[in-house]
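# A look at the structure
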Amino acid sequence: MPPNETAPTKTQAATVVAQAVRDRTFVVIAAYNEGSVLAEVVREVQRSFLNVVVVDDGSTDETFNVARHSARYALRHAVNRGQGAALQTGIEFALLRGAAFIVTFDADGQHRLEDVDRLLEPVASGSYDITLGSRFLGATVNLPWTRRVMLGLGVLFTRIVNRMPLTDAHNGLRCFSRRAAEQITITADRMEHASELIDLIRKAKLPWCEIPVEIRYTEYSLAKGQSSGAALRIVFHYIMSRIVR
Amino acid sequence: MSFQVFLIVVFGLIGVVSILTLVRGIAPKLSLVVLGISLAACAAAIWPDVTTVIANKLGIDTGTHLILYCTVLVMMAGFFFFYIRLRQLRRELTLMVRHVALMQAVESPTPGSSAQAHEASGPEGK
């Protein structure tokens, strides 16, 4: 398939990936103060995936204790460094443990396990090196209009600044082949890592595509989400990171 | 007059400190910049009218305005310098935190069961 295809048409039908592929896949979950929901999220993922890596990003609640008793692998940042830093830690750990495929999954319960297979299948088959989840190709549940506008502006920003024709710029559900994970290193510690990641994908010239996924917004996940002020801060840090390497 | 003396003493002391750091090789570039600024400030305090002459040549009304603009520029450059330094320090901190996290990874052979976790003996796996 040609590289950098945008949003291939995918059926919403369930995709089933061989268990052997799942067993070579590491699911990385970055968590910060997610102690109340983490166990349930990890339990759900571990129904299908053996290798779940939780990176506790210096939480002040019981997140790490939950992680070490529920996940196969638990890592802890001694101090909070941000989601980008935590994901990169998890990815590096997965590579060191011999992961063939790496999936990033949010800790707040927004993602569905069945979508992971749909992201994994094109990468496992060798068609793409990177698959990115898109809620705007798929579906959203309880997405407030303010958040929709903010995400829309994020997409616009990505199209202009990153020059990548994405439909969803900041979706935490992604899948990487080992080759892609080895070539891409996230250096943006905080939420601006999502924009940096898109830059890195473009520069790496690896084949990628978007896959429709469903995002479930709950009261909990909305409370944990980014405010408009935070969005401006992300833009500032992202621009500065492009000026100052 | 007394304030002029005060300014000359303060900037003179800053100049002396920057010379000492320069001689000892501590942050030579920064020391050189600070020395230059302190010398310029001393000169402006000793000959205040000169600032107005320079200002007029640059198309600025008064020497006071010239000093104000220069101060703003120096402060902005200073903020930028410290921002870059802060970014470097943050980056180094992240790398250190990551290294420790990788070395102290905990592996649970039977995830989901209670109290089974143990040290993953570093990330050597592969």
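The structure under discussion appears in the preceding block.
Residues numbered from 1 in each chain as written. Chains lettered and ligands numbered in written order. Predicted model: local features only at pLDDT ≥ 70, side-chain atom pairs only at ≥ 80, totals over all residues. Heavy atoms only, no water.

### Let's talk about the packing of helix H2 (residues 35-45) of chain A against helix H3 (residues 63-70) of chain A
All names here are of chain A.
- For the pair H2 and H3, interaxial distance at closest approach is 8 Å and the crossing angle is 15 degrees. In terms of orientation, H2 lies roughly parallel with respect to H3. When you trace H2 past H3, the crossing you get is right-handed. Only Thr-63, Val-66, Ala-67 and Ser-70 of H3 make contact with H2, whose side of the interface consists of Gly-35, Leu-38, Ala-39 and Val-42.
- Classifying every residue of the contact of H2 with H3 by side-chain character gives five nonpolar, three polar and no charged. (Axes fitted to C-alpha atoms, helices over the stretch in contact; angles between N-to-C directions. Helix = DSSP H or I, 4+ residues; strand = E, 2+ residues; numbered from the N terminus. Parallel < 35°, antiparallel > 145°, perpendicular 65-115°, else oblique. Left-handed = near helix turned anticlockwise from the far one by under 90°. Contact = heavy atoms within 4.5 Å. Nonpolar A, V, L, I, M, F, W, Y, C, P; charged D, E, K, R; others polar.)

### A closer look at the interface of chain B and chain A
- Facing 29 residues of chain B, the contacting portion of chain A comprises 31 residues.
- With both sides pooled, the region where chain B packs onto chain A buries about 2600 Å², and carbon together with sulfur makes up 57% of that total.
- Linking Glu-92 of chain A and Arg-98 of chain B is a salt bridge whose minimum nitrogen-to-oxygen distance equals 3.9 Å.
- At the junction of chain B with chain A, the criterion picks out eight residue pairs in polar contact (both at pLDDT 80 or more).
- At the level of elements, helix H4 (63-103) and strand E1 (106-107) of chain B are the ones that each hand at least two residues to the side of chain B that touches chain A.
- For the side of chain B that touches chain A, the element with the most residues is H4 of chain B, which contributes twelve residues.
- A breakdown of the residues in the side of chain B that touches chain A according to their chemical character gives 14 nonpolar, eight polar and seven charged. (Buried area = accessible area lost by both parts, 1.4 Å probe. Salt bridge = Lys/Arg side-chain N within 4 Å of Asp/Glu carboxyl O. Polar contact = N/O pair within 3.5 Å; in protein donor to acceptor, adjacent residues only side chain to side chain.)

### A word on the packing of aromatic side chains
- Summed over all chains, the structure comprises four aromatic pairs over all chains.
- Here the basic side chain of Arg-22 of chain A rests over the ring of Phe-49 of chain A, its NZ or CZ set 5.8 Å away from the ring centre. (Phe/Tyr/Trp six-rings, centres within 6.5 Å; stacked < 30°, edge-to-face > 60°. Lys NZ or Arg CZ within 6 Å of the ring centre and 35° of its normal.)

### Focus: the nonpolar core
- Within the largest apolar cluster, 38 residues are counted, with the highest numbers of intra-cluster contacts made by Ile-29, Leu-38, Val-54 and Phe-105 of chain A.
- Looking at this core, the elements that each hand over two or more residues are strand E1 (25-31), H2, strand E2 (51-56), H3, strand E4 (101-106), helix H5 (113-124) and strand E7 (208-216) of chain A.
- Per element, the largest residue contribution to this core is five residues, and it comes from H5 of chain A.
- In this structure Ile-29 of chain A touches Leu-38, Val-41, Val-42, Val-45, Val-52, Val-53, Val-54, Val-55, Phe-105, Asp-106 and Ala-107 of chain A, once residues within four positions along its chain are discounted.
- Of all hydrophobic cores here, the second largest spans 35 residues; its members include Tyr-73, Phe-93 and Ala-181 of chain A together with Ala-105 of chain B. (Core = buried A, V, L, I, M, F, W, Y, C linked by side-chain atoms within 4.5 Å. Buried < 20%, exposed > 50% of the residue type's maximum accessible area, 1.4 Å probe, protein only.)

### A word on the layout of surface pockets
Residues and elements named next belong to chain B.
- Taken as a whole, the second largest pocket encloses approximately 670 Å³ of empty space.
- Considering the residues around the second largest pocket, the lining is formed by 24 residues, among which Ile-37, Ala-40, Ala-41, Ala-44 and Ile-67 are closest to the centre.
- Mapped by element, the contributors of at least two residues to the lining of the second largest pocket are helix H1 (2-23), helix H2 (28-46), helix H3 (48-57) and H4.
- For the lining of the second largest pocket, the residue count by class is 18 nonpolar, six polar and no charged. (1 Å grid on protein atoms, 1.4 Å probe; cavity = no way out; pocket = protein on both sides within 12 Å on 5 of 7 lines; lining within 4 Å. Points joined across faces, edges and corners; volume = space filled by probe spheres on them.)

### Comments concerning the pattern of salt bridges
All names here are of chain A.
- Following the criterion strictly, the structure yields 15 salt bridges over all chains and no others.
- With its nearest N and O atoms 3.0 Å apart, the salt bridge here joins Arg-112 to Asp-115. Both residues of the pair, Arg-112 and Asp-115, count as buried.
- We classify Arg-112 as buried; its relative accessible area is 17%.
- Through salt bridges that share partners, Arg-112, Glu-114, Asp-115, Arg-118 and Glu-214 make up one connected network.

### Here we look at the environment of Met-164 of chain A
All names here are of chain A.
- Relative to the helices and strands, Met-164 resides in the loop between helix H6 (145-162) and strand E6 (174-177).
- With a relative accessible area of 5%, Met-164 lands in the buried category.
- Along the backbone, Met-164 and Arg-202 are 38 residues apart, and their C-alpha atoms lie at a distance of 7.3 Å.
- If near-sequence neighbours (up to four positions away) are discounted, Met-164 is found in contact with Thr-158, Arg-159, Ile-198, Ile-201, Arg-202 and Trp-208.

### Looking at empty space enclosed by the protein
Residues and elements named next belong to chain A.
- All chains considered together, the criterion is met by one cavity of 30 Å³ or more.
- Looking at the largest cavity, its volume works out to about 80 Å³.
- Elements that contribute at least two residues to the lining of the largest cavity include exactly strand E5 (130-141) and helix H8 (193-204).
- Per-element accounting of the lining of the largest cavity gives the leading share, four residues, to H8.
- Broken down by class, the residue content of the lining of the largest cavity amounts to eight nonpolar, two polar and two charged.

### Considering a nonpolar patch on the surface
All names here are of chain B.
- A cluster of nonpolar side chains, namely Phe-3, Phe-6, Val-10, Ile-14, Leu-30, Val-34, Phe-81 and Phe-82, defines an oily patch on the protein surface of about 730 Å² accessible area.
- For the nonpolar patch, the elements supplying multiple residues, two or more each, are H1, H2 and H4.
- Looking at the nonpolar patch, the element that brings in the most residues is H1, giving four residues.
- With respect to the element layout, Phe-6 can be found in helix H1.
- For Phe-6, a relative accessible area of 49% puts it in the partly exposed group. (Patch = residues over 30% accessible without salt bridge, like charges linked within 9 Å, V, L, I, M, F, W, Y side chains within 5 Å. Areas by Shrake-Rupley, 256 points an atom, 1.4 Å probe, with all protein chains shown as cover.)

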